[in-house]
Amino acid sequence: MNHYELFDLPVGYAVDLADLQQRYRKLQQTMHPDRFAAGSERDKLRAVQLTSQLNDAYHTLRDPLARAEYLLSLRGVELRHEQQTLQDPEFLMAQMEWRERLAELDASDLSALDAAGADLQREQAALQAELEQALNASEDEVAADTIRKLKFMRKLGRELEALEEL
Amino acid sequence: MAYSNKVIDHYENPRNVGSFEKDDPSVVTGMVGAPACGDVMKLQLKINDQGIIEDAKFKTYGCGSAIASSSLVTEWVKGKSIDEAAQLKNTQIAEELALPPVKIHCSILAEDAIKAALEDYKKKHAS
């Protein structure tokens, strides 16, 4: 059973997160290992396995990037654990400039932090829109490349958050 | 996770950090990134008329292993011909730095950076 089937959802990129959460909670109750406390060892083990699969499925489908990656894997394009490097000079140059900007950012300069956060969000939103378009048009290779780029953006986001916490 | 002494040495005293003049015609650039961890690496080679790599510089944003891998290759490629540099394999980098399996992609990044720089050389010399 794949993650979508587990939640009885159609396979696709669009997922209603509130609906997903409701389905998750319902399934969580029916599968909870405590309900099988009086059952056989086999039933108990099965409940634990199902719960772990359920959690995995929920966390994957809830996250837009993980969901995109999972959807591609269902289509036969595997991105997890890939060792392939990205060689898009223009994108990488922009990444370098981002890293330099973050390195030079003064953590006490709140307006500069805000400006960087807003710029980052804008670029991320543009890539996210590209990703949705590519996935819906079944342009899997384009989608895969966009996921790779979004991973760099997510990393930048984390570094920016770390700066904000200083 | 513990870094090997060689990684720490390169990380604390990185060799050949920086950039060359962008407009220098003997300078070629390789840019690569690892989506798995978000690391970015820029490797520049200064190649003379005989096709020998005279100098190398790098700029890497990433973990200690990525920085050490790029620092190491700048040392290794200096004095090598283009063909010799093209033979460099990530396994040699990983072995020299004793990289654990989860950090192998850092050595792949460094190997691909050399390849990307040599591609840039071919492109510049094709015309």
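Here, residues in each chain are numbered from 1, in the same order as that chain's written sequence. Starting at A for chains and at 1 for ligands, labels are handed out in the order in which the entities are written. Totals for whole chains, interfaces and linings use every residue, but because this is a predicted model, local features are given only for residues with pLDDT of at least 70 and side-chain atom pairs only at 80 or more, for both listing and counting. Where side-chain values are given, they derive from all heavy atoms of the structure, hydrogens and water being excluded.

- Under an unreviewed UniProt entry, chain B has the name Iron-sulfur cluster assembly scaffold protein IscU and belongs to Pseudidiomarina atlantica.
- The UniProt entry for chain B carries this comment under Function (unreviewed entry): "A scaffold on which IscS assembles Fe-S clusters. It is likely that Fe-S cluster coordination is flexible as the role of this complex is to build and then hand off Fe-S clusters."
- UniProt positions are given in the numbering used here, feature names are shortened, and annotations may be inferred rather than shown by experiment. Of chain B, the UniProt comment under Sequence similarities (unreviewed entry) reads exactly: "Belongs to the NifU family."

- Per an unreviewed UniProt entry, chain A goes by the name Co-chaperone protein HscB homolog and belongs to Pseudidiomarina atlantica.
- What UniProt states about chain A under its Function (unreviewed entry) heading is, verbatim, "Co-chaperone involved in the maturation of iron-sulfur cluster-containing proteins. Seems to help targeting proteins to be folded toward HscA."

Remarks on the overall build of chain A
- Secondary structure is summarised from DSSP: a helix means a run of H or I of at least four residues, a strand means a run of E of at least two, and numbering begins at the N terminus for each. When you go through chain A residue by residue, the secondary structure sums to seven helices and zero strands.
- For chain A, the succession of helices and strands along the chain, N to C, is α-α-α-α-α-α-α.
- Put simply, the radius of gyration uses C-alpha atoms, and a globule should come to 2.2 Å times the residue count raised to 0.38. Taking 2.2 N^0.38 as the reference for a compact globule, 166 residues should give roughly 15 Å; the C-alpha atoms of chain A span a radius of gyration of 20 Å, well beyond that estimate.
- Put simply, of all contacts in chain A between residues at least 6 apart along the chain, 67% involve residues at least 24 apart.
- Surface summary for chain A: the accessible area is close to 9,900 Å², and the carbon and sulfur share equals 48%.
- Counted as positive: Lys and Arg. Counted as negative: Asp and Glu. His and the chain ends are not counted at all. To locate a charge, take atom NZ for lysine, CZ for arginine, CG for aspartate or CD for glutamate. Here chain A contributes 20 positive and 32 negative side-chain charges, whose respective centroids are spaced 9 Å apart. We call two residues in contact when some of their heavy atoms are within 4.5 Å. What sets the accessible areas is the Shrake-Rupley method with a 1.4 Å probe; for residues, cover comes only from the shown protein chains.

A closer look at the domain arrangement of chain A
- Entries for chain A in the domain assignment read domain 1 (3–62) and domain 2 (89–165).
- The gap between the C-alpha centroids of domain 1 of chain A and domain 2 of chain A is 32 Å. The start and end points of each domain follow an automatic or database-based domain assignment.

Description of the UniProt feature "domain: NIF system FeS cluster assembly NifU N-terminal" (unreviewed entry) in chain B
- When the UniProt feature table is mapped to this numbering, "domain: NIF system FeS cluster assembly NifU N-terminal" (unreviewed entry) covers residues 2–125 of chain B.
- Span residues 2–125 of chain B is 46% helix and 21% strand, its end C-alpha atoms 43 Å apart.

A few points about the nonpolar core
- Think of a nonpolar core as a cluster: buried Ala, Val, Leu, Ile, Met, Phe, Trp, Tyr and Cys residues, connected wherever their side-chain atoms sit within 4.5 Å. The buried label applies to any residue whose accessible area, calculated with a 1.4 Å probe on protein chains only, is under 20% of its type's maximum; exposed applies above 50%, and partly exposed to all values in between. Counting residues in hydrophobic clusters, the biggest one holds 46 residues, and the most contacted among them are Phe7, Leu72, Leu131, Leu135 and Leu160 of chain A.
- If you list the elements that add at least two residues to this core, you get α1 (3–6), α2 (17–31), α3 (41–62), α4 (64–74), α5 (89–104), α6 (110–136) and α7 (140–164) of chain A.
- When residues in this core are grouped by element, the largest group, nine residues, is from α7 of chain A.
- Taken together, domain 1 (3–62) and domain 2 (89–165) of chain A each give at least three residues to this core, which thus spans both.
- Membership of the second largest hydrophobic core comes to 32 residues, among which are Leu45, Ala68, Ala85 and Ile114 of chain B.

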